Each structure stands twice: as C-alpha cells, then as structure tokens.
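Tertiary structure, described
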Amino acid sequence: MTTPRLSRRIPDLVPSPIREILAVIDRPGMISFAGGLPAPETFPKLDLSAVPPECLQYGPSEGEPALRQAIAAQLRDRGLDCTADQVLVLSGSQQGIDLVAKLFVDAGTRVAVESPTYLAALQAFRFFGADFAEFEPATPAAIAGAAFAYVVPTFQNPTGRCLDDAARRALAAACDAEGVTLFEDDPYRDLDYTGGAHRPVCADLRAAPWIYQGSFSKTFAPGLRLGYLACAPEFVTPLTRLKQAADLHSNRVSQWLVLQAFGDPRRGARLREFAGWYRERRDTFAQHLARHFAGLARWELPPGGLFFWLELAAGAALDTRTLLAPALERGVAFMPGEPFHAVEQPRGAIRLNFSHAAPDDAGRGLGILAEIVRDAVARL
Ligand SMILES: Cc1ncc(COP(=O)(O)O)c(C=O)c1O
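No experiment lies behind these values; they were computed from the predicted model shown.

What about the overall build of the protein?
A count of helices and strands for the protein gives 10 helices and 13 strands. Over its C-alpha atoms the protein spans a radius of gyration of 21 Å, differing by no more than 12% from the 21 Å that the globule rule assigns to 380 residues. For the protein, the residues scored as buried account for 55% of the 380 residues in total. When contacts within the protein are restricted to residue pairs at least 6 apart in sequence, those whose partners lie at least 24 apart make up 74%. Split by element, the accessible area of the protein, about 16,900 Å² in all, is 52% carbon and sulfur. Side-chain charges of the protein comprise 39 positive and 43 negative groups, with the mean position of each set lying 2 Å from the other.

Right, dumping it as structure tokens:
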C-alpha cells in the first residue's frame, strides 16, 4: 500500500484529552462539566421562512455589508475606533484564530500567550510552529520579541477572570512600547454577572497594530458558526485573502439571522435576561462546590463567562489528566487543566463548565469528582 505524503506539520498534531471526552460525552446519564456549551434554554426561536432567497447565493468574503456596519457601530460603542471596512465576518471566531495563525506564524515564530489560555488557540498556533512565550497581562514584559500577544481579557477561558483597568492599560502600553501586535479575543463579554465597562485593550493602543475578535456563539447560537474580527487597516487585505482560501465566505443565512437580532429592540433585555439565568446557574454551582470541594481546592467566583477554574490543594504534584478516565467511567466529564498551558506538565488545576449540567446533576457530579480527587491525593 502507498504511504500518503502528508504535510510536515501533520506529525505535530498531538492527541488531545478532548477527543477522549467527546467520544463518551453523549452517553446517556453523563454529567458534563467539560465543554463551553451555552445553555440551549438561551437559544433564539428562529423564523427561517423569512430568510430572503438571495442568502442562498454566494456572497462577499468580508461579510454582508449591513452586518459589518452593525458590528463596527457596536465596536465604536465599546471604544474601538474602527469602520465597517475593517470588519470581517468569520465562520465562528475560531476561524479568526486560524487566520491569524496563518498570517503570522512560521516554524519558530514567537507568540506570547497567557498561562493558562484557551487551548484551541494554543493548538492552532502550535500547528503552524509557534514558539510560545508565556506572559502575565498585568506585568507583560515577556511579550518582547513576539510576533503577537494573544489575550482573552474579559471572562477568560479557562479561568473566568477579568482584567482590571490597570492590567489592560499595562498590556496596551507594553504592546505599544515593544511594537507587538495585540490579538484580543472577546467572545464572553456579554455573559457578565457583575456589570462593568470592560473597555477593549485594543482601544487603548496608540501605535501597536491590533486584531480584535468576538463571537455570536455564546449570545445567539454556536451552531450558526458566526463570529467577526476587526483589525488595523494593514491586516484587512491579507486576512480577507486567507479567508477566501479557507471558505470563500461565512454562512449568509446565519449572517441574515444575526443582523435581524441586531435590529431587534428587545435585544438588550434578552441579553440581560440570559446573564441573569447564567448568574443563577453559577451561584448554585458555587454552593455545590463549597459543599464538595472545601479544603480540596481553591477557586474564585467568575464575574462572567462559563467556567470555574479550580486549583487543587495538591498543586502540581497532581496531573489532572490522570483523573479523567476514572471520572468518565463514573459518568462525569471535566477538562483537565494541563492542555490550557503552552507547556503541558502537571498543574493540579481543572476547568469546570457550570452552564450545561442541570443543577441537581451538577451537585451529584461534583460529589463524584471530589471523591475521585480525594482518592488520587491519597495515592500521591
Ligand atoms: C476564548 C475563545 N475564543 C474563541 C472561541 C471559539 O468560539 P466560536 O468559534 O464558537 O466563535 C472560544 C470557544 O469556546 C473561546 O472560548
């Protein structure tokens, strides 16, 4: 049999624990804290009969002009100085990560990332050969020499933490001083349980180039696969060409549906209603955590987003990937913390999604998980 000649990059595709989780997640009775799934209760009721037939034709790579305008107006409200020409509609904001990786990363290109950070961004950057430099946003000296710094400043995945104004300013000043492009990923900002302005870090840049992206997955529906980016003018043409090569354009029916939502006067009230719903789920989850994990782990109440980040008292002595098989066997899925770091070594932390499991299941699942952690600690 002939051996296919694959790209030199393919052997670097390392297996991820997510595959193990996805293989069993739909098993009846499984309690999942693993994914970042928005709650189906928040999905909109769609009237597809009103979709104009022209949405079924090929469309512009950059996205529908009216949607780009609506997005640019929203970004200006957040403090970002941009016009519709600087906006690209994406097939999910995950596509933005892939396009930015293609735009910047060759083998050995230095990419500055938080530690921990969004694991699917690490995977995309790693695939193109990134050499990671880990940085702390409030003291970002380590971004020097990087092609870009990737940051999720608002309700981060996986930690849920939100950068304060001082940390945002420190990061923007460091990017300006070092001439490092800032890539700001902001899909969770509307899942806000405390209220606050959360000015984009890109809005405070004076000189450094920037790319800012958002998503309609968490506040509309992830199945529509729709996100967007806005960027400094010099990136518009290369990113548009990269998008053309990837998918020609994003789904026009999805774009039309999202545009209708932008024009809906009840949109603001709907977003506030969701945030209230998620806040309640978070608070119930926090009560279950206090009951089962007191003394076993430390955590903070996430001010927004979809996750709790638990730092286990056992610390880096415990490789949380070893907890996954016994947890899945007992019907509980969670995300080990190790793959959220550029260097995958034992970290003693886990990520728990609080929005998906029904509150009673969440309590039961956390009880099981705590037993598994306790057993593992006893064996250290
Ligand atoms: C930080 C971050 N960026 C990007 C994405 C991708 O989201 P989507 O492609 O659904 O817009 C996610 C998904 O969970 C995320 O957590």
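Some remarks on the nonpolar core
Residues Ile71, Phe125, Phe148, Tyr150, Leu182, Trp210 and Ile211 are the most contacted members of the largest nonpolar core, which totals 74 residues. Once you skip the residues sitting within four places of it in the chain, Leu182 turns out to touch Ala149, Val151, Leu171, Cys175, Val201, Cys202, Leu205, Pro209, Trp210 and Ile211.

Points about the packing of aromatic side chains
The tally for this structure, following the rule as stated, stands at 17 aromatic pairs. On the numbers, 5.2 Å between centres and 75° between planes, the contact of Phe125 with Phe148 is edge-to-face. Here Phe125, found in helix 4 (residues 119-127), pairs with Phe148, found in strand 5 (residues 148-151); they are 23 residues apart in sequence, far enough to count as distant. Phe125 sits in the buried class, given a relative accessible area of 0%. Taking the centre distance of 6.5 Å and the plane angle of 55° together, the rings of Phe285 and Phe354 count as tilted. Of this pair, Phe285 sits in helix 8 (residues 267-293) while Phe354 sits in the loop between strand 13 (349-353) and helix 10 (359-378), placing them 69 residues apart in sequence.

Quick word on the sheet that holds strand 9 (residues 297-298)
Read from one edge of the open sheet, 4 strands run 9-10-13-12, paired in antiparallel fashion. Both outer strands of the open sheet, strand 9 and strand 12 (335-336), are each paired with one neighbouring strand and no more. Bridging between strand 9 and strand 10 (residues 307-312) involves 2 bridges; their strand directions are antiparallel. The partner of Arg298 across the bridge, within strand 10, is Glu311.

Focus on the domain arrangement of the protein
As far as domains go, the protein holds domain 1 (10-43 + 269-378) and domain 2 (51-262). Summarising the inter-unit geometry, the C-alpha centres of domain 1 and domain 2 are found 25 Å apart. Each side of the interface is counted separately: domain 1 has 31 residues, and domain 2 has 30 residues. Together, the buried faces of domain 1 and domain 2 total about 2,600 Å²; carbon and sulfur atoms form 64% of this surface. Viewed at the interface, domain 2 and domain 1 are joined by 0 salt bridges. Applying the counting rule to domain 1 against domain 2 returns 10 residue pairs in polar contact (both at pLDDT 80 or more). Mapped onto the side of domain 1 that touches domain 2, the elements with two or more residues apiece are helix 8 and strand 10. A total of 7 residues in the side of domain 1 that touches domain 2 trace back to one element, the largest contributor, which is helix 8. Of the residues that constitute the side of domain 1 that touches domain 2, the class distribution is 20 nonpolar, 6 polar and 5 charged.

Here is what the cut-offs are and how they apply
Within each chain, residues carry numbers counting from 1 in the order of the written sequence. Given that the model is predicted, a residue must reach a pLDDT of at least 70 before its local features are reported, and side-chain atom pairs must reach 80 or more before they are shown or counted; all residues, however, enter totals for whole chains, interfaces and linings. To obtain the side-chain values, all non-hydrogen atoms of the structure were used and water was disregarded. Per the convention used, a helix needs a DSSP run of H or I reaching at least four residues, while a strand needs a run of E reaching at least two, with both numbered from the N terminus. The globule rule used here is 2.2 Å times the number of residues to the 0.38 power, and the radius of gyration it is set against is calculated over C-alpha atoms. Note on exposure labels: buried denotes an accessible area under 20% of the residue type's maximum, exposed denotes more than 50%, and partly exposed covers the range between, all computed with a 1.4 Å probe on protein chains only. What makes two residues a contact is simply this: any of their non-hydrogen atoms within 4.5 Å. Only the protein chains shown count as covering a residue, and every accessible area follows the Shrake-Rupley method with a 1.4 Å probe. Positive charges come from Lys and Arg, negative ones from Asp and Glu, while His and the chain ends are left out of the count. In this description, the location of a charge corresponds to atom NZ of lysine, CZ of arginine, CG of aspartate or CD of glutamate. We call a set of buried residues a nonpolar core when its members are Ala, Val, Leu, Ile, Met, Phe, Trp, Tyr or Cys and they connect through side-chain atoms within 4.5 Å of each other. Each Phe, Tyr or Trp ring (for Trp, its six-membered ring) is paired with any other whose centre lies within 6.5 Å, and the angle between the two planes then decides the class: stacked below 30 degrees, edge-to-face above 60, tilted in between. Only strands that DSSP links by at least two bridges are regarded as paired with each other. Domain limits in this description derive from either an automatic procedure or a database domain assignment. Buried area is understood as the total, over both parts, of accessible area removed when two parts are fitted together, assessed with a 1.4 Å probe. A pairing counts as a salt bridge when a side-chain nitrogen of Lys or Arg comes within 4 Å of a carboxyl oxygen of Asp or Glu. Definition of a polar contact: a pair of N or O atoms within 3.5 Å, with one able to donate and the other able to accept a hydrogen when the atoms are protein atoms, and with sequence-neighbouring residues admitted only if both atoms are side-chain atoms. When residue character is reported, Ala, Val, Leu, Ile, Met, Phe, Trp, Tyr, Cys and Pro are called nonpolar, Asp, Glu, Lys and Arg charged, and the others, Gly included, polar.

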